[in-house]
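# Results of the structural survey
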Amino acid sequence: MRPSPNTTTGTSRRNFLRQVGVTGGAGAMLATMGALGLAPTAEAASREPAFRAPRTGDFTLKGRTAAKVVIVGGGIAGLTTAYELGKAGYDCTVLEARDRTGGRNFTVRGGDSTTDLLGNRQTARFTDGQYMNAGPARIPQWMITMDYCRELGVPVEVFTNSNASAYIYNEKAGMTSPVRYRTAKADTYGYVSELLAKATGRGALDAELTADDQQRLLEFLKSFGDIGSKLTYTGTEHRGYSIDPAAAGTPGVELGDVPTVSEVLSSGVGRYFSFEFGYDQAMLMFQPVGGMDRIPAALTRAVGPGRIRTGAVVQKITDKAHGVSVTYEQHGRTRVIDADYCVAALPPHILAKTAHNLGSAVQTALEAVKPSSAGKIALEYRSRWWESDHRIYGGITETDMDLSHIWYPSYGFHGRRGTLIGYYNTGANADMYGNMTPAEREKRAVAQGEKIHGAKYRTELASSFSHHWRQTPHLEGAWHSMAGGPDAPVFAPLNRAAGRVYFAGDYLSYADAWQHGAFTSARKVVTTLHERVLT
């Protein structure tokens, strides 16, 4: 019988690889497999350390059995640990202090209620389809968060992280009205190009560049700053139009009133432009369809709700010679769970306040991790006036006022209603808003936003909901500050097991505040723990 084409291809491919291995060795064979798409290429391997999820077959080969693991903390790191270990049959139990999983991945929808540490209780009054991602809200395309979305079946859509039609408004710098991002960028790039071109023409770069290189630089500056053959910036269509080009007879009217170079520099608008070049901020970026909490919801389903105990506040972690004992309180009752291993995936500053016998070095390391402040307010409007009146579809307006940023939604375009992030601030500004009542936060945010967008910012408002992470029970922080980074000597005790207790979280990564950091930290712990069990 004639073999099928697939069988023929597979057989010939195996024979080919076998011959490559015989003649060139394992390295040549691996490289060839990569070229054929059968193994990671060197380029792919350099992007991220290889991760191999545990499998049940691992134990068959070693003659061992999966262990029992208790995971403290049901955020992204804790859920991922349980999910990946579960693939090999580990008996995992997740203890989560709050009434929901996800940790700082928190999407607020209509009907959701919170009470902060100051006693402020809020219930969201958003209409159907409206929400606020109070924590993470965007995913760079290179992060493995995208891989988990794919694996877990979480659909994603584009998040507009930068938009030429959004505004910049630096009130403290003396600006009296907002300017479009594209206009500010055109003026800044134009004048910088003019000044550099003049410096080149006056011989200021003779010691740095050859004559040919200087000419190439001038050609670049002509295009980059749109300064033309005269090497002078006078304003061009890069700034935008007061009347957009339309049908015959309407060529459009370019924006006038070009500011002077001194006015552009003193406005401070140029300090925002490097943001879009940041490796973790460059477009394209993405968000899960329907809210960021689709990710922990999918992880929770994959782990199995029966393995997750919410409302379980851990009181004590005790490392023993042959296991771990975790004491927690749930629904007013004190309970104890014993396991072979424990993964502590709760915030380090919360763990520092939890009783344990893991040693003074661990406690010193935990106390050295400092929580950071951040807050957001969602403003739901009865109409999407930013689209109809300002032609803004997603993106971020920047300002030096204490609200810092205004985010426009990247979903629901042309819908009846829409929800802005009225401020996303950090540090002292976040702490100031956090100490206000929700009504006071709304009043201040709307008053400042009105300076940029006019009366509709106030008159079209339907409801608001604000959230501040330093006042959130059992979390008490947005991300972390670690002097010297996670590999600094003081944090070494957290990067290895303390007896049978491991530590996981985005703070133990170089992507703190990103879910990517939590995912990669969990993978590291899973790999290390699994290897220990096998040996």
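Read on for an overview of the structure. Just so we're clear, the structure is a prediction, and the values are computed from it rather than from any experiment.

Structurally, the position occupied by threonine 114 is in strand 4 (residues 113-115). In contact with threonine 114, other than residues within four places in its own chain, are Phe106, Asn120, Arg121, Gln122 and Phe465.

Here four strands make up an open sheet; going across it, the order is 17-16-15-19 and the pairing mixed. Lying at the two open borders of the sheet, with one neighbouring strand each, are strand 17 (333-339) and strand 19 (355-356). In terms of strand pairing, strand 15 (residues 312-319) meets strand 19 through two bridges, oriented parallel. Directly across from lysine 316, in strand 19, lies its bridge partner alanine 355.

What follows covers the packing of helix 5 (residues 145-152) against helix 9 (residues 294-303). Where helix 5 contacts helix 9, the two axes come as close as 10 Å, and the packing angle between them is 50°. It follows that helix 5 is oblique to helix 9 by the angle criterion. Crossing geometry of helix 5 relative to helix 9 is assigned as left-handed. When helix 5 is examined against helix 9, the residues Thr145, Cys149 and Leu152 are found in contact with a partner set consisting of Ile295, Ala298, Leu299 and Ala302. Along the lines of polarity and charge, the residues of the contact of helix 5 with helix 9 split into six nonpolar, one polar and no charged.

Right, let's talk about the packing of helix 6 (residues 181-201) against helix 7 (residues 211-224) for a bit. Closest axis-to-axis distance for the helix 6/helix 7 pair is 9 Å, and the angle between their directions is 160°. Classified by the interaxial angle, the pair formed by helix 6 and helix 7 is roughly antiparallel. As for the relative orientation of helix 6 and helix 7, their crossing is left-handed in sense. Seen from helix 6, the contacting residues are Tyr189, Ser193, Leu196, Ala197 and Thr200; seen from helix 7, they are Gln214, Leu217, Leu218, Leu221 and Phe224. Per-class residue counts for the contact of helix 6 with helix 7 are seven nonpolar, three polar and no charged.

For helix 11 (residues 360-368), the complete set of buried residues consists of Val362, Gln363, Ala365 and Leu366. Down the axis of helix 11, the buried set is contained in an arc of 160°. They therefore lie on one face. Here the buried face of helix 11 lies against helix 10 (348-351), strand 19 and strand 27 (501-503).

What follows concerns the packing of aromatic side chains. For the coordinates displayed, the defined rule picks out 20 aromatic pairs. Their ring planes at 5° and their centres at 4.2 Å tell us that tyrosine 148 and phenylalanine 519 sit as a pair that is stacked. A residue pair is termed long-range when its members are at least 10 positions apart, and tyrosine 148 in helix 5 and phenylalanine 519 in helix 16 (residues 515-534) qualify at 371 residues. Phenylalanine 519 matches tyrosine 148 in its accessibility class, with the two residues each being buried. A ring pair is formed by phenylalanine 220 and phenylalanine 224, whose centres lie 5.1 Å apart and whose planes are at 20°; its orientation type is stacked. Pair noted here: phenylalanine 220 and phenylalanine 224 are both in helix 7, with a separation of four residues, about one helical turn. Look at phenylalanine 224 and you get partly exposed, because its relative accessible area is 33%. Cluster of aromatic residues (ring-pair linked, three or more members): Tyr181, Tyr189, Phe220, Phe224 and Phe273. Positioned over the ring face of tyrosine 131 is arginine 109, at 5.9 Å from the centre of the ring.

Note that the residue after methionine 283, namely leucine 284, is joined by a cis bond; omega there is 0°. Among the secondary structure elements, leucine 284 is positioned in the loop between helix 8 (261-267) and strand 13 (285-288). Located in the positive-phi region is histidine 414, a residue other than glycine, with phi close to 65°. Counting through the fold element by element, histidine 414 comes out in the loop between strand 23 (405-408) and strand 24 (418-426). A relative accessible area of 63% places histidine 414 in the exposed class.

It is worth spelling out the sheet that holds strand 27 at this point. The strand order 14-2-1-18-27 describes an open sheet built from five strands, whose pairing is parallel. Two strands in the sheet have a free side with no partner beyond their single neighbour: strand 14 (308-310) and strand 27. Averaged over all pairs of adjacent strands, the angle between their axes in this sheet comes to 20°, without regard to strand direction. Bridge count between strand 18 (residues 341-344) and strand 27: three bridges; the pairing is parallel. Bridged to cysteine 342 within strand 27 is valine 501.

Calculation rules
- Residues numbered from 1 in each chain as written.
- Predicted model: local features only at pLDDT ≥ 70, side-chain atom pairs only at ≥ 80, totals over all residues.
- Heavy atoms only, no water.
- Helix = DSSP H or I, 4+ residues; strand = E, 2+ residues; numbered from the N terminus.
- Contact = heavy atoms within 4.5 Å.
- Pairing = 2+ DSSP bridges.
- Axes fitted to C-alpha atoms, helices over the stretch in contact; angles between N-to-C directions.
- Parallel < 35°, antiparallel > 145°, perpendicular 65-115°, else oblique.
- Left-handed = near helix turned anticlockwise from the far one by under 90°.
- Nonpolar A, V, L, I, M, F, W, Y, C, P; charged D, E, K, R; others polar.
- Buried < 20%, exposed > 50% of the residue type's maximum accessible area, 1.4 Å probe, protein only.
- Arc of directions from axis to C-beta.
- Phe/Tyr/Trp six-rings, centres within 6.5 Å; stacked < 30°, edge-to-face > 60°.
- Lys NZ or Arg CZ within 6 Å of the ring centre and 35° of its normal.

This is a description of form; function is not addressed.
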